[in-house]
Amino acid sequence: MGSEMCIRDSISSVEPGGYTDSEVSLLQAFADQAAIAVNNARLLREIEERNTDLSESLELQTATSDILRLISAHPGELTTVLEGIVQRAIALCDADGGLAVIRYGDELEFATAVDHSTAHMFGHRYRASDEPALPDRQARDQQAPFLVDDYHATESIDPDRAAALFPLSRSLATVALMREDEWLGSIHIRREEVRPFGEEQARILQTFADQAAIAVANAKLFNDLDVALERQTAMTDVLEAVGTARLDVQPVFDRIVDHAQRLSDDTVAFISVRDQTELRTMAAAGPASPDAPAADYLGPTVDDETSTSGMVYLTGQPVHIPDWSKVPADRYPNSRARDSGARTLLAVPMRRRGDTVGVMTFARDVAGGYDDGEISLLQAFADQAAIAVDNARLLREIEERNTDLSESLELQTATSEVLQLISANPGELTVVLEGIITRAAALCDAETGLLWLKNGDELRCEAEVRGQGVSFVGDTWDARVK
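Since the model is a prediction, treat every value here as computed from it, not as a measurement.

What follows concerns the sheet that holds strand 12 (residues 319-321). Pairing is antiparallel across the open sheet formed by six strands, whose spatial order is 11-8-7-14-13-12. Across the chains shown, the open sheet's two edge strands, defined by having one partner strand only, are strand 11 (299-300) and strand 12. Taken together, the two bridges between strand 8 (residues 279-285) and strand 11 define a ladder with antiparallel strand orientation. Following the sheet pairing, Arg280 is matched in strand 11 by Pro300. On top of the sheet, helix 7 (residues 250-263) reaches strand 7 (268-274), strand 8 and strand 14 (355-364); it is set at about 55° to strand 8, its chief contact. Lying on the sheet, helix 10 (residues 372-424) is in contact with strand 7, strand 12, strand 13 (344-352) and strand 14; it crosses strand 13 at an angle near 40°.

Here it is in C-alpha cells:
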C-alpha cells in the first residue's frame, strides 16, 4: 500500500463518555506521526536499493574501462588481456575461479592460467567435439551465457566423469566469444559449491565476453605479419578514445572514421547511429566523390531497405558490394553511395548486447570489394564505435539514477527537519507551518508559497513564502466559493 498505508491507534477508556475533540485531535496527530515513520522507513529502503544498483553499475563501468585500457596497453598480448578479463569476471560474479579458451579450427586451447585448478593445462588443446567442450558448444549454439547449476549432476555427462574432469567445478557459467557468426572461444567461471549463477552474473559475463572477442580479433590482426604497425597504433588510439569518452562520443567517431579512411586505401568512411527518431550520419572522412567531401553527407539518412545502411540497421547483417554496376537498379535505389559514383561498398553493423546501435559504411570508387583482412579491421572499428555508444548510454542511466537518489535524499532530509520542528515547537503552530511551507517551496523550486487552514466555512492564510509581493498572512477566504 506504500504511502497509502493507514496507521490506526486504538485507545480505550474505562470511563464512559468518549473523548473530547481535543483528545481526538491529539490522538490523530500521534497516528499521523506513526504513518510518517512508516513512510520514511519505506523511502529509506528504496534509497538503499537504488544505492546497491548504482554501486553495481559503477563497478561494471569501472571494470569495462579497465579492460579497454588493458587492451589498449597490450595490443596483441592476448594472454595478458584474457587473464585480466577473467580475473574481473571472477571478482564481479563472486566466482571461485575461471578461465578462457581460444578456438583454433576444430580445437580449443586453454589461453589463461588464472584458475589454480587448471593452470597446469595452460596451452593444452582439446577437440571442440570432445566431452569437456560440452558447455562451450552449448554457449556457442544458443549464443547466450550457458548456466549449469551443478556440473557433477548434468544429464549429458556421467557424474563420475564430470567429477574426474573438473573436480572443483560445481556451478558453472560459460559464454561464447562471438564475432559476427564466428566462434572465437569461450570464457568459463565456476563455483566450488552448488550455488547457481543468475541472470545478473550472465549479463556481466556477456559484457566481458564482448570485450574478449574484440581482444581476440585485435590480437589476430596485430599478430598477422601482413598487418602494418600503423594499424596497431590506430587501433590503440581508438581504444584510448573509447576508454576516456563519456557522454560525448563524437570525438571517438571522428577518430574512427579518420583511421579507417587512412588505413584502407581510397576508402570513404561513415558512421551512422539512430537517435530518437531517425538514423543519422554522425561522422565521415574521405572524398565521397570528386565534387563532394564525405562531410556533405552528414545528417539524416534513409533507414529502410531501400538503402544499404538502412538494410544493415534493420537486419543486423553486413552488406558487401564488390561492384555496384552488377547490382540491379531497383536494389537499394536510395543508396547515396550509388549516387556518389562509388563502385565498391561495405556496410557493417555496430552491434552491442544483441542489438544494432548503428552502421559503419565504407566505399571506394573502384570495383573489387574488400579483402578479409580489411573487413576484419573495419569491423573492429565498428565494434569500438558500438562500445562507445553503449558506454554513453550506461553513463546516462547512472546519472539519471544519481538525480533520482539526490531528490529522494532531499525529501528525506526535509521530512526529518519538519518532524524535528514539530517536536521542538509543541503548540507553536505558526512556527511549524512557516517551516513546512518554506521547505515545500524550496524542494519544488518555487519563489512563493501560501499555507491556508480551514476553520468552518473560512480559509485563513497562516504562513507564506513571500517574494517581493504583498503579504497574505491573516487574509481569509470563503471556503464555500469554488
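A few words now on the sheet that holds strand 17 (residues 476-478). To summarise the sheet geometry, strands pair through backbone hydrogen bonds and adopt either a parallel or an antiparallel arrangement. Taking strand neighbours across the sheet as the criterion, the three strands line up as 15-16-17 in an open arrangement whose pairing is antiparallel. Of all the strands in the sheet, just strand 15 (449-455) and strand 17 have a single pairing partner and so form its edges. The average undirected angle you get between the axes of adjacent strands in this sheet is 35°. Bridge count between strand 15 and strand 16 (residues 458-465): seven bridges; the pairing is antiparallel. Considered in strand 16, the bridge of Lys454 is made with Leu459. Contacts from helix 11 (residues 429-443) reach strand 15 and strand 16, with the element oriented near 65° to strand 16.

Right, let's talk about the packing of aromatic side chains for a bit. In the structure shown here, the tally under the stated rule is three aromatic pairs. Sitting above the plane of the Tyr104 ring, Arg125 keeps its charged end 4.2 Å from the centroid. In this structure, Arg191 packs its charged tip against the face of Phe197, placed 4.0 Å from the ring centre.

Another point: the packing of helix 7 against helix 10. Remark: helix 7 packs on helix 10, axes separated minimally by 10 Å, with the N-to-C direction vectors making an angle of 180°. Accordingly, the angle class assigned to the pair helix 7 and helix 10 is roughly antiparallel. Taking contact as the criterion, the partners of Val252, Phe253, Ile256, His259, Ala260 and Leu263 in helix 7 are, on helix 10, Leu377, Leu378, Phe381, Gln384, Ala385, Ala388 and Val389.

The rules behind each value
Each chain has its residues counted from 1, following the order in which its sequence is written. Only residues with pLDDT of 70 or above have their local features reported here, since the model is predicted, and side-chain atom pairs are shown and tallied only from 80 upward, although totals for entire chains, interfaces and linings are computed over all residues. Side-chain calculation: all heavy atoms of the structure are included, whereas hydrogens and water are not. Criterion used throughout: strands pair if DSSP finds at least two bridges between them. Strands are runs of DSSP state E lasting at least 2 residues, helices are runs of H or I lasting at least 4, and numbering of each runs from the N terminus. What makes two residues a contact is simply this: any of their non-hydrogen atoms within 4.5 Å. Fitted lines through C-alpha atoms give the axes, limited to the stretch in contact for helices. The angle between two N-to-C directions lies from 0 to 180 degrees. Think of it this way: a Phe, Tyr or Trp ring, Trp meaning its six-membered ring, pairs with another when their centres are within 6.5 Å, and the plane angle makes it stacked under 30 degrees, edge-to-face over 60, tilted otherwise. Two limits define a charge over a ring: the Lys NZ or Arg CZ must be within 6 Å of the ring centre, and within 35 degrees of the ring normal. With respect to orientation, any angle under 35 degrees is reported as roughly parallel, any angle over 145 as roughly antiparallel, any angle of 65 to 115 as roughly perpendicular, and every other angle as oblique.

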